[in-house]
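Structure assessment
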Amino acid sequence: MELRTERLLLRKWRDDDVELIARLVQDPKAGQYLGRFVDRAAIDAWIKSEREHFERYGYGLFAMERLEAPGFIGFCGLVNVSYQAPFTPAVEMYWRVASDQWGQGYASEAAAAVVAFGFEKAKLNQVVAIAAVENTASRRVMERIGMSHNPKDDFDHPLKGVDDPLRRQVLYRLTYDHWHRKR
């Protein structure tokens, strides 16, 4: 399974992506608002769980590469939110792009394709995305693809400690009806 945009290929992960994914999820700049993994065993377990998620639900994280210069530059996809929060159960759109690829619109392009996949193929009724309050770049991606934010939905992430500066999160939503009307 794969998705194509004007500039990107979004595909299932291959075994040879593992080292590249490990580098991406350990990149301090790319993980500034998302956190990093503590060791390789945690990375391997995460990759395994993401592959299983895709197989079980028919959606998950796609590896992202540029069509003009193939090679892994990040990932983008849909995952079931695994914790309890006021908005759960929910399906979250999630992405991470290598920091040397920032500023080129790849996250927005991939996110738009993933949302279309979620609504058209996975038959979802709603997609959410979350970000640390300070993560303005991710918030711009959410807004570019038509997601809406209501400050009343902002929440303290239950998996982050009370003293964690990234604990406060914003929640953006996009319903199928809103997305369909805007097309």
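As a reminder, the structure under discussion sits directly above these lines.
Right, let's walk through the structure included here. Throughout this document, residue positions are counted from 1 along each chain, in the order its sequence is written. Reporting in this predicted model follows two pLDDT cut-offs: at least 70 for local features of residues, and 80 or more for side-chain atom pairs to be given and counted; totals over whole chains, interfaces and linings ignore these cut-offs and use all residues. The side-chain numbers reported here are obtained from all heavy atoms of the structure, hydrogens and water having been left aside.

**Some words on the pairing of strand E4 (residues 72-80)**
Summarising burial for E4: eight of the nine residues are buried, a large majority. DSSP-based pairing: two strands are paired if at least 2 bridges between them are found. Segments assigned H or I by DSSP are reported as helices when at least four residues long, segments assigned E as strands when at least two residues long, and all are numbered from the N terminus. Inspection of the sheet shows strand E3 (residues 61-66) paired to E4 by five bridges, in the antiparallel sense. In the strand pairing of E4, glutamate 65 is matched with phenylalanine 72. Hairpin connection from E3 to E4: five residues lie between these consecutive antiparallel strands, with glycine 71 at a positive phi of about 150°. As defined by bridge partners, E4 adjoins strand E5 (residues 91-97) across seven bridges and the pair is classed as antiparallel. Pairing of cysteine 76 across the sheet is with tryptophan 95, part of E5. Only protein chains enter the accessibility calculation, which uses a 1.4 Å probe; a residue whose area is less than 20% of its type maximum is buried, one above 50% is exposed, and one in between is partly exposed.

**As for the pattern of salt bridges**
Take a side-chain nitrogen of Lys or Arg and a carboxyl oxygen of Asp or Glu: if they are within 4 Å of each other, that pair is a salt bridge. Scanning all chains against the criterion turns up eight salt bridges. In this structure, arginine 4 and glutamate 2 form a salt bridge, with 3.3 Å as the shortest nitrogen-oxygen distance. Classification of glutamate 2 by relative accessible area gives partly exposed; the value is 45%. When the shortest N-O distance is used, the salt bridge between lysine 12 and glutamate 55 registers 2.8 Å. Of the two residues, lysine 12 sits in the loop between strand E2 (8-11) and helix H1 (18-26) while glutamate 55 sits in helix H2 (residues 40-57), which places them 43 residues apart along the sequence. Residue classification places lysine 12 among the partly exposed residues on the basis of a relative accessible area of 31%.

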